[in-house]
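Here is what each chain is made of, one letter per residue.
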Amino acid sequence: DGVITDGRTQVDESMLTGEPLPVDKAIDSKLTGGSINGDGRIVMRVAATGSETVLAHIIRLVEDAQVAKAPIQRLVDQVAAVFVPVVLVLALITLIGWWWLPANGGSFETALIHAVAVLVIACPCALGLATPAAIMAGTGVAAKQGILIKDVQALELAHKVDIVAFDKTGTLTVGQPRVTSVVAASGISEDELLRGAAAVQRGSEHPLARAVVDAAQAREPDGGGTASDVQAVPGRGTQGVVDGAVWMIGSLRWMQELGASLGDLAPQAEQLQRDGATVSAVARRSKDDASKVELVGLFAFGDEPKPGAKEALAALRNRGIRIVMISGDNQGAALAMARRLGLNDDEVMAEVLPGDKAAKVAALRAGNDDRTHTVAMVGDGVNDAPALAAADVGLAMGAMDGGAGGSDVAMHAAGITLLRGDPALVAAALDISHKTVRKIRQNLFWAFAYNVAGIP
């Protein structure tokens, strides 16, 4: 970890925050080890190494949460704790009763045979198989549906879950920025705006650049060329020459530095930002008149909900489960996405740092209604690992088809791994837990009923 002493850039901090959009960094900005530098050249003064880094702190949070999690008393242990002493007492009573029975003539051998018969008929084979047989069947069914259950305790607890906390980015959303709005200035069409911006951005690895190129190709799969003299301006944007004119796409701050006024587009830019979108502007400067820079359009970037995410949340709510979304994103973006997912504003916790997510899970468990809740946490990133470990049931989200996958750290911290990045698997995992526990109880009932009938 460190602090920038020279230069400016954009840094991919998705490892830490889970958010896919790069963050602007300038002199005195803090940098986290493990994040990825963008286009700019920077000089960093090291401020923390080894066990003092942010990443090491996250690892300690995970380890502390895993150690603090109390082991579950198995249902069969509770039954056996009562059953075994009772059977031993009954066997002893049988021995003494038959030994002293006048009709038996005080034969110890006959009394011992009857006592042993009680012990044999009560041999708890069915009790011993009741739990592992059901768990083996339950985990097998889960695996066929793409649910990997690594922790049997998680399987036993999941049926009690009454609160499910979701990470936002990569769990409920695709986790990759996409163009959500294209706003063209007067005198230029949206197609022309997209074509020119994509030409400038085509060779860039910046996530917003890829989003622009993807949006352009969606309209014209075979159209669009590549700009010449393309230059990345660190911390500001990219510029290049398209059809003899210099096109620039970047931050609104850069447009102000270039002297390009938002003009009639200002209200739309403000509204898009209020809705939680990241806004970039496109300007054009003629080679003939280098002093004249005109703004030609705006792009709004945002994440998109995963297919079926809204329906998956509704299915959980219909089961009487409370839904909470925990995000490191800003309040505006988190609330905007929550509304698209059918969540209420009071079901959103925004701007939550990685270390604080575990504390939020603990607060949800404690509740404010004088009763303890069972909390499941669903996440996919390194930043979610402490919360996954701290929750009663941690579910790590894998990859959507063709998409980015969950981190190995998250999967290690969670008791259940969803091998596909489908939020509907959360309800499926809870259902399998419910049916497995019900089957364990059914097995124990019949094992106990057999003994109740057989021992007398």
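In this report, the structure presented in the accompanying data block is examined.

Conventions we followed
Residues numbered from 1 in each chain as written. Predicted model: local features only at pLDDT ≥ 70, side-chain atom pairs only at ≥ 80, totals over all residues. Heavy atoms only, no water. Helix = DSSP H or I, 4+ residues; strand = E, 2+ residues; numbered from the N terminus. Rg over C-alpha atoms; globule rule 2.2 N^0.38 Å. Buried < 20%, exposed > 50% of the residue type's maximum accessible area, 1.4 Å probe, protein only. Lys, Arg positive; Asp, Glu negative; His and termini not counted. Salt bridge = Lys/Arg side-chain N within 4 Å of Asp/Glu carboxyl O. Polar contact = N/O pair within 3.5 Å; in protein donor to acceptor, adjacent residues only side chain to side chain. Contact = heavy atoms within 4.5 Å. Pairing = 2+ DSSP bridges. Patch = residues over 30% accessible without salt bridge, like charges linked within 9 Å, V, L, I, M, F, W, Y side chains within 5 Å. Areas by Shrake-Rupley, 256 points an atom, 1.4 Å probe, with all protein chains shown as cover. Phe/Tyr/Trp six-rings, centres within 6.5 Å; stacked < 30°, edge-to-face > 60°. Core = buried A, V, L, I, M, F, W, Y, C linked by side-chain atoms within 4.5 Å. Axes fitted to C-alpha atoms, helices over the stretch in contact; angles between N-to-C directions. Parallel < 35°, antiparallel > 145°, perpendicular 65-115°, else oblique. Left-handed = near helix turned anticlockwise from the far one by under 90°. Nonpolar A, V, L, I, M, F, W, Y, C, P; charged D, E, K, R; others polar.

**Some words on the overall build of the protein chain**
The number of helices and strands found in the protein chain is 16 helices and 19 strands. Relative to a compact globule of 456 residues, whose C-alpha radius of gyration would be 23 Å, the protein chain shows 31 Å and is clearly more extended. Counting only C-alpha atoms and orienting by the principal axes, one finds that the protein chain spans roughly 125 × 45 × 40 Å. For the protein chain, with 456 residues in total, the buried portion stands at 45%.

**Overview of the side chain of D1**
Tracing the chain through its elements places D1 in the segment before β1 (2-6). Although D1 is buried, it forms no salt bridge, and the closest oppositely charged side chain is K30 at an N-O distance of 9.3 Å. At a separation of 2.7 Å, a polar atom in the side chain of D1 contacts the main-chain amide nitrogen of G33. Sequence-distant contacts of D1, defined by excluding residues within four places in its chain, comprise L31, T32, G33, M44, R45, V46, A47, A48, T53 and V54.

**Describing unusual backbone geometry**
With a phi close to 80 degrees, D28 is a non-glycine residue in the positive phi region. Along the chain, D28 turns up in the loop between β3 (23-25) and β4 (30-31). The class of D28 is exposed, set by a relative accessible area of 62%. Even without glycine at this site, D243 takes up a positive phi of about 55 degrees. Within the secondary structure, D243 is located in the loop between β11 (237-242) and β12 (245-250).

**Focus on the sheet that holds strand β5 (residues 36-37)**
The strand order across the open sheet built from 3 strands is β3-β2-β5, with neighbouring strands paired in antiparallel fashion. Of all strands in the sheet, those bounded by a partner on one side alone are β3 and β5. Relative to β3, strand β2 (residues 9-12) is paired through 3 bridges, and the arrangement is antiparallel. Note on β3: the bridge partner recorded for V11 is V23.

**What to know about the sheet that holds β1**
Spatially, 3 strands are ordered β4-β1-β6 in an open sheet, and the strand pairing comes out antiparallel. Strand pairing shows two members of the sheet lacking a second neighbour, β4 and β6 (43-46), which therefore form its edges. Sheet topology note: the β1/β6 ladder contains 4 bridges and is antiparallel. Within the sheet, the bridge partner assigned to V3 lies in β6 and is R45.

**Points about the pattern of salt bridges**
The final tally for this structure, using the stated rule, is 14 salt bridges. The salt bridge involving E190 is made with R219; its shortest N-O contact spans 3.0 Å. Of this pair, E190 sits in helix α7 (residues 190-201) while R219 sits in helix α8 (residues 207-219), placing them 29 residues apart in sequence. For E190, a relative accessible area of 32% gives the class partly exposed. Note on R219: relative accessible area 43%, which makes it partly exposed.

**Regarding a nonpolar patch on the surface**
Judged by side-chain polarity, L92, I96, W99, W100, F108, L112, V116 and V120 come together as a nonpolar surface patch covering roughly 810 Å² of accessible area. Looking at the nonpolar patch, the elements that each hand over two or more residues are α3 (75-100) and α4 (108-121). With respect to the helices and strands, the residue W100 is situated in helix α3.

**Focus: the packing of aromatic side chains**
Applying the stated criterion across every chain yields a total of 5 aromatic pairs. Taking the centre distance of 6.3 Å and the plane angle of 55 degrees together, the rings of F299 and F301 count as tilted. Since its relative accessible area comes to 0%, F299 is described here as buried. Since its relative accessible area comes to 1%, F301 is described here as buried. Through successive ring pairs, a cluster of aromatic residues spans W99, W100 and F108.

**Side note on the nonpolar core**
One finds I147, V164, F166 and V393 to be the most contacted residues of the largest nonpolar core, which totals 52 residues. Not counting residues within four places of it along the chain, the set of residues in contact with F166 comprises T171, L172, L313, L316, I323, V324, M325, I326, M377, V378 and V426. In this structure, I188, M255, A269 and A277 belong to the second largest nonpolar core, which totals 44 residues.

**Structural notes on the pairing of β1**
Where β1 lies against β4, 2 bridges are found, and the strand directions are antiparallel. Bridge pairing in β4 places V3 opposite K30.

**Brief notes about the pairing of strand β14 (residues 293-302)**
In terms of burial, β14 is largely enclosed, as 9 of its 10 residues are buried. The pairing of strand β9 (residues 178-184) with β14 spans 6 bridges and is classified as antiparallel. Across the sheet, R178 pairs through a bridge with G302, a residue of β14.

**Let's talk about the environment of A185**
Structurally, A185 can be placed in the loop between β9 and α7. Relative accessible area serves as the criterion here: at 14%, A185 is assigned to the buried category. A sequence separation of 79 residues divides A185 from D264, and the C-alpha atoms of the two residues are 8.1 Å apart. Discounting chain neighbours no more than four positions away, the residues touching A185 are L265, L295, V296 and G297.

**Side note on the packing of α7 against α8**
It is the contact of α7 with α8, at a shortest axis distance of 9 Å, that shows an interaxial angle of 135 degrees. Considered as vectors, α7 and α8 are oriented oblique to each other. As α7 runs across α8, the sense of the crossing is left-handed. Every residue of α8 that contacts α7 at E190, D191, L194, A197, A198 and Q201 is listed here: A209, V212, V213, A215, A216 and R219. In terms of residue class, the contact of α7 with α8 is built from 8 nonpolar, 1 polar and 3 charged.

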